[in-house]
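Chain and residue survey
Now for the letters of each chain:
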Amino acid sequence: GAGVSQTPSNKVTEKGKYVELRCDPISGHTALYWYRQSLGQGPEFLIYFQGTGAADDSGLPNDRFFAVRPEGSVSTLKIQRTERGDSAVYLCASSPGAGSYNEQFFGPGTRLTVL
Amino acid sequence: AQSVTQPDIHITVSEGASLELRCNYSYGATPYLFWYVQSPGQGLQLLLKYFSGDTLVQGIKGFEAEFKRSQSSFNLRKPSVHWSDAAEYFCAVGADTDKLIFGTGTRLQVFP
């Protein structure tokens with residue numbers, strides 16, 4: 001079956017612009033996660049959805065970052081007033097249910113470059 | 001707070017040689033532990049996981065890992081490395097609130 005997909009695969013933007021990154025999870029997976037991976041680092045947690053609600057948004061770095069999952073499936077990560085430090089690969093993962101014992105299936109990521 | 005340490009940033013081995021990648025974690029209770037592999041341009045793929053029970057766990061692609069509570073370690077091993085194993089390897093611990101906490105990764109290079 002289809003895995004987690006993310007669009008776009010690459011996004012180049014200018015400092016100060018607004019960007020949206022999309023994640024399509026595996027069908028039927030209720031849990032969805034966003035991570036950010038900077039160069040030379042491991043993925044860092046941003047936000048986790050269980051269904052439509054954000055169960056944990058403690059990893060969002062500041063109020064420029066926001067994510068939604070209005071119908072409990074597709075999710076969009078939104079970044080306002082982008083800064084050069086936002087450049088990274090943004091990873092999305094989904095899992096069948098809540099609990100970190102559930103395997104998280106990762107998408108290929110969106111590489112964001114802020115000029 | 002939970003954390004994961006991967007002490008080796010980069011490891012180089014010859015094809016056919018054995019491999020051990022180190023992982024140490026910090027967590028108050030029995031952890032959920034994972035090893036993921038990331039090949040260039042690919043998403044993270046789960047190699048194996050430990051939740052409870054037998055401390056030696058088998059994974060895909062011939063990998064295994066051993067949970068040692070006394071050493072707070074979860075080292076990944078493979079008896080004979082193939083050139084296709086060249087990739088970045090991440091150890092992770094499942095935190096209280098369902099998220100994963102990753103180490104900084106170990107880049108494996110395999111020479112023929």
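Report follows, based on the coordinates. Everything numeric here is computed off the predicted structure, so don't read it as measured data. (Residues numbered from 1 in each chain as written. Chains lettered and ligands numbered in written order. Predicted model: local features only at pLDDT ≥ 70, side-chain atom pairs only at ≥ 80, totals over all residues. Heavy atoms only, no water.)

Of the residues lining the interface, 21 residues belong to chain A; the matching set on chain B comes to 19 residues. Here chain A meets chain B over a buried area of about 1,600 Å², counting both sides, of which 55% is carbon and sulfur. The tally of links from chain A across to chain B stands at zero salt bridges. Our count for the contact surface shared by chain A and chain B stands at five residue pairs in polar contact (both at pLDDT 80 or more). Among the secondary structure elements, those contributing two or more residues to the side of chain A that touches chain B are strand 4 (31-37) and strand 5 (44-50) of chain A. Here the side of chain A that touches chain B takes three residues from strand 4 of chain A, the largest share from any one element. Grouping the amino acids of the side of chain A that touches chain B by side-chain chemistry returns 10 nonpolar, nine polar and two charged. (Contact = heavy atoms within 4.5 Å. Buried area = accessible area lost by both parts, 1.4 Å probe. Salt bridge = Lys/Arg side-chain N within 4 Å of Asp/Glu carboxyl O. Polar contact = N/O pair within 3.5 Å; in protein donor to acceptor, adjacent residues only side chain to side chain. Helix = DSSP H or I, 4+ residues; strand = E, 2+ residues; numbered from the N terminus. Nonpolar A, V, L, I, M, F, W, Y, C, P; charged D, E, K, R; others polar.)

Where charged atoms from two side chains of opposite charge approach closely, those side chains can pair. Residues and elements named next belong to chain B. Counting across every chain of the model gives eight salt bridges over all chains. Between Glu-66 and Arg-77 there is a salt bridge, with the nearest N and O atoms lying 3.2 Å from each other. You can see Glu-66 sitting in strand 8 (residues 64-68) and its partner Arg-77 sitting in strand 9 (residues 73-78), a full 11 residues away along the chain. A residue is classified by how much of its surface remains accessible, and Glu-66, at 23% relative accessible area, is partly exposed. On the basis of relative accessibility, which here comes to 23%, the residue Arg-77 falls in the partly exposed class. Across the pair Glu-88 and Arg-107 runs a salt bridge whose closest N-O atoms are separated by 2.8 Å. Of the two residues, Glu-88 sits in strand 10 (residues 87-94) while Arg-107 sits in strand 12 (residues 106-111), which places them 19 residues apart along the sequence. (Buried < 20%, exposed > 50% of the residue type's maximum accessible area, 1.4 Å probe, protein only.)

With that out of the way, let us pick up the sheet that holds strand 1 (residues 5-7) of chain A. Residues and elements named next belong to chain A. Spatial strand order, 1-3-8-7: four strands in an open sheet with antiparallel pairing. Here the strands that pair on one side only, and so sit at the sheet edges, are strand 1 and strand 7 (65-68). Neighbour to neighbour, the strand axes of the sheet diverge by 15° on average, direction disregarded. Two strands pair when backbone bridges link them, and strand 1 and strand 3 (residues 19-24) are joined in this way by three bridges, in the antiparallel orientation. Residue pairing across strands places Ser-5 opposite Asp-24, the latter belonging to strand 3. (Pairing = 2+ DSSP bridges. Axes fitted to C-alpha atoms, helices over the stretch in contact; angles between N-to-C directions.)

Attention shifts here to unusual backbone geometry. Going from A:Thr7 to A:Pro8, the amide bond is cis rather than trans, its omega being -10°. Along the chain, the position of A:Pro8 falls in the loop between strand 1 and strand 2 (10-13). Phi at A:Arg81 takes a positive value of approximately 45°, unusual for a residue other than glycine. With respect to the helices and strands, the residue A:Arg81 is situated in the loop between strand 8 (75-79) and strand 9 (88-95). Judged by relative accessible area, A:Arg81 falls into the partly exposed class, the value being 46%. Of note in this structure, B:Lys61 is not a glycine but carries a positive phi near 60°.

What follows concerns the nonpolar core. Ranked by internal contacts, the top residues of the largest apolar core, which has 28 residues, are B:Trp35, B:Leu48, B:Phe74, B:Leu76 and B:Tyr89. Secondary-structure elements contributing two or more residues to this core are strand 2 (10-14), strand 3 (19-21), strand 5 (32-38), strand 6 (44-50), strand 8, strand 9, strand 10 and strand 12 of chain B. No other element matches the four residues that strand 10 of chain B contributes to this core. What B:Phe74 contacts, discounting residues up to four positions off in sequence, is B:Cys23, B:Leu33, B:Phe34, B:Trp35, B:Leu48, B:Tyr50, B:Val57, B:Ala65, B:Glu66, B:Phe67 and B:Cys91. Judged by nonpolar contacts, the second largest core, of 20 residues, contains A:Val19, A:Leu32, A:Trp34 and A:Leu112. (Core = buried A, V, L, I, M, F, W, Y, C linked by side-chain atoms within 4.5 Å.)

Here we take up the packing of aromatic side chains. In this description, an aromatic ring pair is defined by two values, namely the gap between the centres and the angle between the planes. One pass over the structure, following the stated rule, counts 16 aromatic pairs over all chains. Between the aromatic rings of B:Tyr50 and B:Phe67, the centroid separation amounts to 4.5 Å while the plane-to-plane angle is 25°, which identifies the pairing as stacked. Taken together, the positions of B:Tyr50 in strand 6 and B:Phe67 in strand 8 put the pair 17 residues apart, joining distant regions of the chain. By relative accessible area, which is 4% here, B:Phe67 ends up buried. With a centroid separation of 6.4 Å and an interplanar angle of 85°, the aromatic rings of B:Phe90 and B:Phe102 are classed as edge-to-face. One end of the pair, B:Phe90, is in strand 10; the other, B:Phe102, is in strand 11 (residues 100-102), with 12 residues separating them in the sequence. Of the two residues examined, B:Phe90 and B:Phe102, each falls in the buried class. Cluster of aromatic residues (ring-pair linked, three or more members): A:Tyr33, A:Tyr35, A:Phe45, A:Tyr48, A:Phe106, B:Tyr32, B:Phe34, B:Tyr36, B:Phe51, B:Phe90 and B:Phe102. (Phe/Tyr/Trp six-rings, centres within 6.5 Å; stacked < 30°, edge-to-face > 60°.)

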